[in-house]
Amino acid sequence: MVRLQLRRNRVRLAAWLVALVTMFAYVASYYQELFPTKAALDDFAAVSNTPGIRALTGLSPAANTLGGAVWTKAWMTIALALALGVVFLATRNGRADEEAGRTELLRSRMLGVHAATVASWLVLACLCVLVGVGITLVSAAQGLDPAGAGLRGSSVLGASVAGVGLVGLGVGAVAGQVAGTARAANALGSAVILGFYVLRMVGDLGDGALTWASPIGWGQKMEPFAGDRWWPLALLALLAVVLCTVAITLEARRDHGAGLIAARPGRAWAPRRFASPLGLGLRLQRGPIVGWTIAVVLAAVLFGSVAEAMADLLDDAGGDTADLLRGAGVPALLSMLASMIGLVTAVFATQSAVSLRGDEATGILEPQLAGAISRTRWALERLLIPVAGSAVLLAVGGAVLGAVYGATVGDPSQSAAMAGATLAYWPAVMVLVGLAVALFGWVPRVAVPATWGVMAAMWFATMLGEVFGLPDWVLDGLPFAAVPYLPLEPFSWTPLVALTMVAVALTWAGVHRLRQRDLQPA
């Protein structure tokens, strides 16, 4: 069973391992160049001690050292990503297999009730350990440990990430037994992990008591490169064991295919607005819409609250910073923050656009087309969600960013100015939506992975292209590169009109092809 789990998940396991370790390696390498002096690290520690940064990432007691700075930047992101990734993988190998009938088929052989479950857990536990080992080796290779401390800090760092990942495994295991569907299990597991994060956030902003109520807080309190505590790892491992034991007990007692919480029957009727493609689409996507709105607003508040302090910090940093920001001072930093809000909004728009293929694959589309709704009307109404939603998110994100920054410098006009700067990225976001629609129309079976692959490549090239020395023709060909870099650069309509025309052409190509081809369910 372990070999089967490895065979089925080999690509996902490798992707998570490489992505998380590579992310940490990049941050460690980049911070060595960004903060070459003790004065720059002291400035970073001062910025990190602001409430916004402390709430989002936690604060290392040694933030004025290279190891502490890297921890502050990378640890929370990597630990959360590993925990959530393990939740999703545990659901895929558990509740999703049960829904698909694969678990029942396996149990028809000479296997115990828990054989597939335990095999999946062993594989995912190994993933957590390997991520921790990889981060330890990278930290040691980058020389993040203080002089004379050996590899103690690097070892504690890797162990803390692995420990939080193991808790994610336990949470995912229990969620798969409690929820009756894979979607509900993923939602429940993610909510629990994010609840732990919020507890830690509130605790770090208060007296610290609630930090100890969160397993993520336990990992944080291991304090690599400072306190180097090992004993919180025992709490993380113990909680993971307890959760897995609970999951095993529930699996032995519940009916196959059922969850501890039964699915609620839906209403016998639906509101009239659900009869239209737009109304139904809004109902199906209300969770992502609310989630991305909260994410954009929180990001904007954080960016605005630390913009001035970050500008001073980056002015004292290494010489490559101006190249990364395409300028110097607050205007360059605000321009970069506006582009980051644009990138986050692009993820929402892409997720909404690829849902067209999801509806076709799951069979939701076919009953809608059985009535008087044409394929063109269905597609165009559904596309109103990413088209209008991304414009609203860009405007709100920019306005909040400008309002928070304006409040710190006493300039209320910044809200409108930054709303305009972020809205300038709307045509670039629409190009990505148009590409998703074109792939959906012409190559539906690979449309979803191809679209997300393009999105990931664009994120990498936009954020890190200069750092990794990508050719100029690649960087200049990115949709986001054509957008005026407001407020640093002057505004121009020409690139925005050109991007809009490209987006319209791609969308038309996809919708036109959808009218001609057969539906292709999964």
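Residues numbered from 1 in each chain as written. Predicted model: local features only at pLDDT ≥ 70, side-chain atom pairs only at ≥ 80, totals over all residues. Heavy atoms only, no water.

Participant: Help me understand helix α12 (residues 277-284), please; the structure alone is not making it clear to me.
Facilitator: Helical geometry: 3.6 residues make up each α-helical turn, so side chains three or four residues apart lie on a common side. Listed as buried for α12 are P277, G279, L280 and G281. Of the surrounding elements, those touching the buried residues of α12 are α16 (365-369) and α17 (375-409). (Buried < 20%, exposed > 50% of the residue type's maximum accessible area, 1.4 Å probe, protein only. Helix = DSSP H or I, 4+ residues; strand = E, 2+ residues; numbered from the N terminus. Contact = heavy atoms within 4.5 Å.)

Participant: Is there a simple way to explain the pattern of salt bridges in this structure?
Facilitator: Pairing is possible between side chains that carry opposite charge, provided their charged atoms lie close to one another. Per the counting criterion, the structure on display carries 11 salt bridges. In this structure, R517 and E360 form a salt bridge, with 2.7 Å as the shortest nitrogen-oxygen distance. Of the two residues, R517 sits in the segment after α22 (494-516) while E360 sits in helix α15 (residues 329-362), which places them 157 residues apart along the sequence. Residue classification places R517 among the buried residues on the basis of a relative accessible area of 5%. The exposure class of E360 is buried, given its relative accessible area of 4%. Across the pair R377 and E381 runs a salt bridge whose closest N-O atoms are separated by 2.6 Å. (Salt bridge = Lys/Arg side-chain N within 4 Å of Asp/Glu carboxyl O.)

Participant: Would you take a moment to explain the packing of helix α19 (residues 426-442) against α22 for this structure?
Facilitator: Between two packed helices, what matters for the description is the angle formed by their axes and the separation of those axes. As a packed pair, α19 and α22 sit with axes 7 Å apart at the nearest point and diverge in direction by 20 degrees. Considering the angle they form, α19 stands roughly parallel to α22. For α19 against α22, the interelement crossing comes out left-handed. Across the interface between the two elements, P427, A428, M430, V431, G434, L435, V437, A438, F440, G441 and W442 of α19 pack against L496, L499, T500, V502, A503, L506, T507, A509, G510, V511, R513 and L514 of α22. Partitioned by chemical class, the residues of the contact of α19 with α22 number 17 nonpolar, 5 polar and 1 charged. (Axes fitted to C-alpha atoms, helices over the stretch in contact; angles between N-to-C directions. Parallel < 35°, antiparallel > 145°, perpendicular 65-115°, else oblique. Left-handed = near helix turned anticlockwise from the far one by under 90°. Nonpolar A, V, L, I, M, F, W, Y, C, P; charged D, E, K, R; others polar.)

Participant: What am I meant to see in the confidence of the model for the chain here?
Facilitator: Should pLDDT be low for a region, the predicted coordinates there are not to be read in detail. Summary statistics for the chain give a mean pLDDT of 87 and a share of 94% for residues scoring 70 or more. Here residues 317-323 scores under 50 on pLDDT; set against residues more than four positions off or in separate chains, the count is 9 contacts. (pLDDT = per-residue confidence, 0-100.)

Participant: I tried to follow the packing of helix α4 (residues 66-93) against helix α9 (residues 182-205) on my own but got confused; where do I start?
Facilitator: At a minimum axis separation of 9 Å, α4 and α9 run at an interaxial angle of 160 degrees. Considering the angle they form, α4 stands roughly antiparallel to α9. The way α4 lies across α9 gives a crossing that is right-handed. Residues M76, L80, A83, L84, V87, F88 and T91 of α4 pack against A182, A185, N186, G189, S190, I193, Y197 and R200 of α9. Residues of the contact of α4 with α9, tallied by class, amount to 10 nonpolar, 4 polar and 1 charged.

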